[in-house]
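Each chain, letter by letter, is given below.
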Amino acid sequence: MGGTNVWDAEWEVNEEQARTLIGRQFPQLSSKKVKRLGWGWDNTVFLIGDEYVFRFPRRTIAVGSIHMEGKLLPKLEAYMTIPYPKPLFYGEASDEYPAPFLGYAYVPGDFPIGLTEERRALSAETLAKFLRRLHEFPVQAALKCGVQQDHRNLTDIASRKVKLEGFLSKVVEHLSPEESGVIEAYISRLQKDRVESVNALLHGDLHFKNMLVNENGIVSGIIDWGDLSVGHPACDLSVAYSFLPPYARGVFFETYGGADEETKLLARLIAVYIPILILMQAVDDGNEAIAAEAKSNIMRALSD
């Protein structure tokens, strides 16, 4: 059962179990090969044949997200400018496995790991247009689908700063003195305690493990919508700092439709906060490639 880390699983699903659970409820898929693609904090993900992806919750907290995604993701289609996984198969809880699960159309692409700054800059307008449209989705319609409203207190900078200091102390031995110095200096400069609340529909977890790129390194898919929520757009706009080089941010914000200084301040903070969490998990897993990418995201976010 659950261990000491927030990402530890309550239920593990292996390839054999996934094949059985999917085959029972969706016999038309039973002859397809099943391959585990990976896992995040909340879900284990399997590729079924070459055309579908199934997500199985690993923790009770993820079950509500699966229900909500099933309702809301189909409604987003008219707003989407980048491919995303549309739910096609709605799996139900059973004696063998206590949670619902979802099957989606597979979105091809690679994770944007180790891209050059020039390649990253090519996605500035693509990402900005995507977020502009997503943030135009009617908030009331999202709330009716069960989306949570600011359950993470995004605008509370003071408490996020305290958490960030705690995370930093856990990973400091995996950072160079220069890297930890830059992060510490940034945290000490954060004087604002809170920003004004703004409400938009958010992807809610927009970082390199939830983005896909094509062979040219341009963003071609946005995956893992389990953190869909209503809250401050800075949460998603953080991608301008963590993913894009400083010189591409002007084009990004211009295409998006502008952002005030408070929004940019919060976006940069989240662009440091999320990769530090990813770094903590990568260190725990011994995944050096993800750890290196997380560090480069943090350093990029803190450069102007």
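Here the structure is shown first, and the text comes after it.
What counts, and where the lines are drawn
Residues numbered from 1 in each chain as written. Predicted model: local features only at pLDDT ≥ 70, side-chain atom pairs only at ≥ 80, totals over all residues. Heavy atoms only, no water. Salt bridge = Lys/Arg side-chain N within 4 Å of Asp/Glu carboxyl O. Helix = DSSP H or I, 4+ residues; strand = E, 2+ residues; numbered from the N terminus. Buried < 20%, exposed > 50% of the residue type's maximum accessible area, 1.4 Å probe, protein only. Pairing = 2+ DSSP bridges. Core = buried A, V, L, I, M, F, W, Y, C linked by side-chain atoms within 4.5 Å. Contact = heavy atoms within 4.5 Å. Axes fitted to C-alpha atoms, helices over the stretch in contact; angles between N-to-C directions.

Chemist: Quick question: what am I supposed to make of the pattern of salt bridges here?
Modeler: Here the idea is simple: oppositely charged side chains can pair when their charged atoms come close. One pass over the full model with this rule turns up 16 salt bridges. With its nearest N and O atoms 2.8 Å apart, the salt bridge here joins R55 to E69. Of this pair, R55 sits in strand β3 (residues 52-57) while E69 sits in helix α2 (residues 63-72); the two residues are 14 residues apart in sequence, bridging distant segments of the chain. A residue is classified by how much of its surface remains accessible, and R55, at 6% relative accessible area, is buried. Since its relative accessible area comes to 1%, E69 is described here as buried.

Chemist: I tried to follow the pairing of strand β9 (residues 219-222) on my own but got confused; where do I start?
Modeler: For a regular strand, the rule is simple: side chains alternate between the two faces of the sheet. As paired elements, strand β8 (residues 211-213) and β9 share 3 bridges and run antiparallel to each other. By the bridge assignment, M211 is partnered in β9 with I222. Hairpin connection of β8 to β9: 5 residues between the antiparallel strands, including G217 at a positive phi of 80°.

Chemist: Help me understand the side chain of S238, please; the structure alone is not making it clear to me.
Modeler: Position of S238 among the secondary structure elements: in the loop between α8 (234-237) and α9 (239-242). Looking at S238, the relative accessible area reads 1%, which means it is buried.

Chemist: What is the right way to read the nonpolar core from this model?
Modeler: The tendency in soluble globular proteins is for nonpolar side chains to be buried as a group. Among the nonpolar cores identified, the biggest contains 80 residues, and L76, W225 and F252 are the most heavily contacted of them. Apart from residues no more than four positions distant in its own chain, L76 is found in contact with Y84, L134, F137, L201, W225 and L228. Within the second largest apolar cluster, 17 residues are counted, among which are W11, V34, I48 and A99.

Chemist: Please clarify how the sheet that holds strand β5 (residues 101-105) should be interpreted in this entry.
Modeler: Strands pair in a sheet through their backbones, by hydrogen bonds, and they do so in one of two ways: parallel or antiparallel. Taken in spatial order, the 5 strands line up as β1-β2-β3-β5-β4 in an open sheet, and their pairing is antiparallel. In the strand order of this sheet, the two ends are held by β1 (34-39) and β4 (87-91), each with one partner. Direction aside, neighbouring strands of the sheet carry axes that sit 25° apart on average. Where β3 meets β5, 4 bridges bridge the pair, whose relative direction is antiparallel. Bridge pairing links F54 to G103 in β5. Packing against the sheet, helix α1 (residues 15-25) makes contact with β1, β2 (43-48), β3, β4 and β5, and its axis sits at approximately 115° to β1.

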